[in-house]
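# Descriptive structure summary
The primary structure of each chain is shown beneath.
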Amino acid sequence: MAATGAGQKLAAGLYFISTPIGAARDITLRAIDILGTADVIAAEDTRSLRHLMDIHGIPVGDRPFLSYHDHNGERMRPRILAALEEGKSVAYASEAGTPLVADPGYQLGASAIAAGHVVTAAPGPSAALAALTVSGLPSDRFLFAGFAPNSGGQRRRWLEDLRGIAATLILYESPKRINGLLGDMESVFGGTRRVAVCRELTKKFEEITRGTVAELVTAFEGRTVKGEIVVIVDRARETGAGEAEIEAALREALTCQSVKDAAASVAELTGAPKREVYQLALKLAGGN
Ligand code: SAM
């Protein structure tokens, strides 16, 4: 059913097409075939898909070319479903990478499935998997957490939910907020977790920065970062320091340091999350 080839008439159904995340030649041959023969083309961003099709010499001809994104989904879905009902093949691409991965497509796919249509994928690039591949972190089990919330308080609560998960974490982040995210990771996860910041994957200025959270906080400090970013974070591991050890180190540090400095130095020494060490330091300093 899902088999497609150059020049073959495409069977009716919805085809989710993955498109490049930087290098235009990362499109697959099957995606080119489908885009070349689908009865209807739909895209999150029609301009970027048209541009990609131009690069690969795929004519649109007189085929309908629809826009489908988060803001017009409700209005456009019936139109796409009607085309499927008429036995047409519909190719859908998001702006870059794999549709549905922090991109539109979920409701479209679910509605098409509910209406009994064939839904298939032309798999290909996704920033999440490209970043995992180059991160140097375990790939046996991972959790895609999407975009981190923008505000500090919400972001820290969001990180707290992720803290104990026994899987490599995959996060998307804006370059404007990478410093804030790394800082919050240091306070919630501790400084010793391994992390990889993967920027501009497959593009000219691709850059992968690997290290502990504390090292990356320092590496990105004061830097104006541009481009697109995926952050990969190692899973929770034993810090090696138990609560008793942390408490003993804090008691010692508090004899000659402020609560803030004692917490910072003990967190660095033990790799325990800064926030937790700070709370404990406050408690000890208050004599509770
Ligand atoms: N559906 C896409 C996918 O499969 O990766 C993701 C779309 S999401 C709206 C866009 C985010 O993906 C960016 O903000 C960035 O976090 C990440 N991203 C996309 N392209 C990237 C690239 N070339 N390098 C690093 N991150 C990228």
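Let me begin by describing the structure that accompanies this report. (Residues numbered from 1 in each chain as written. Predicted model: local features only at pLDDT ≥ 70, side-chain atom pairs only at ≥ 80, totals over all residues. Heavy atoms only, no water.)

## What about unusual backbone geometry?
How we decide: Helix and strand assignments come from DSSP, with helices taken as H or I runs of at least 4 residues and strands as E runs of at least 2, each series counted from the N terminus. Only protein chains enter the area calculation, which uses a 1.4 Å probe; residues under 20% of their type maximum are buried, those over 50% are exposed, and those in between are partly exposed.
Residue alanine 102 is not a glycine yet carries a positive backbone phi of 50°. Within the element layout of this structure, alanine 102 appears in the loop between strand S4 (89-93) and helix H4 (106-114). A positive phi angle is found at threonine 202, which is not glycine, with a value near 70°. By relative accessible area, which is 29% here, threonine 202 ends up partly exposed.

## Some remarks on the environment of alanine 130
The following threshold applies: The contact criterion used throughout is that any non-hydrogen atoms of two residues lie within 4.5 Å.
Relative to the elements of secondary structure, alanine 130 occurs in helix H5 (residues 127-135). According to the relative accessible area criterion, alanine 130 is partly exposed, its value standing at 23%. With 71 residues separating them along the chain, alanine 130 and leucine 201 place their C-alpha atoms 7.4 Å apart. Residue contacts for alanine 130: discarding those within four places in its chain leaves Ile21 and Leu201.

## Focus on the environment of alanine 12
Of note, alanine 12 is situated in the segment before strand S1 (13-17). Sequence separation between alanine 12 and aspartate 39 is 27 residues; the distance between their C-alpha atoms is 8.8 Å.

## Things to note about the sheet that holds strand S2 (residues 40-43)
Rules: Following DSSP output, two strands are said to pair if at least two bridges run between them. Angles run from 0 to 180 degrees between N-to-C directions of axes, and those axes are lines fitted to C-alpha atoms, restricted for helices to the stretch in contact.
Here five strands make up an open sheet; going across it, the order is S3-S2-S4-S1-S5 and the pairing parallel. On the outer flanks of this sheet lie strand S3 (65-67) and strand S5 (119-122), each paired with one strand and no other. For this sheet the average axis-to-axis angle between neighbouring strands, irrespective of direction, equals 25°. As paired strands, S1 and S5 are joined by four bridges and run parallel to one another. For isoleucine 17, the partnering residue across the bridge sits in S5 and is alanine 122. Here helix H2 (residues 46-55) sits on the sheet and contacts S2, S3 and S4; the angle it forms with S3, its principal contact strand, is near 145°. Contacting S1, S4 and S5, H4 runs over the sheet at an angle of about 155° to S1.

## Describing the site of the ligand
Stated formally: Near is defined per residue: the residue qualifies when any heavy atom it owns lies within 4 Å of the molecule or strand. Think of a polar contact as two N or O atoms within 3.5 Å of one another; within protein, one of them needs to be a possible hydrogen donor and the other a possible acceptor, and neighboring residues in sequence only count if both atoms come from side chains. Method for areas: the Shrake-Rupley scheme with a 1.4 Å probe, in which residue coverage is limited to the protein chains shown.
In the vicinity of the ligand there are 19 residues, among which Val101, Ser126, Ala127, Tyr172 and Ile229 approach most closely. Between a nitrogen atom of the ligand and a main-chain N or O atom of leucine 201, the distance comes to 2.9 Å. Notes on the ligand: free accessible area 580 Å², of which the protein chains cover 90%. Of all the secondary structure elements, the ones that give two or more residues to the shell around the ligand are strand S7 (168-173) and strand S10 (229-233).

## Thoughts on the side chain of serine 135
You can see serine 135 is positioned in helix H5. In this structure the side chain of serine 135 is engaged in a polar contact, spanning 2.9 Å, whose partner is the backbone oxygen of leucine 132. From its side chain, serine 135 meets the backbone nitrogen of leucine 137 in a polar contact 3.1 Å long.

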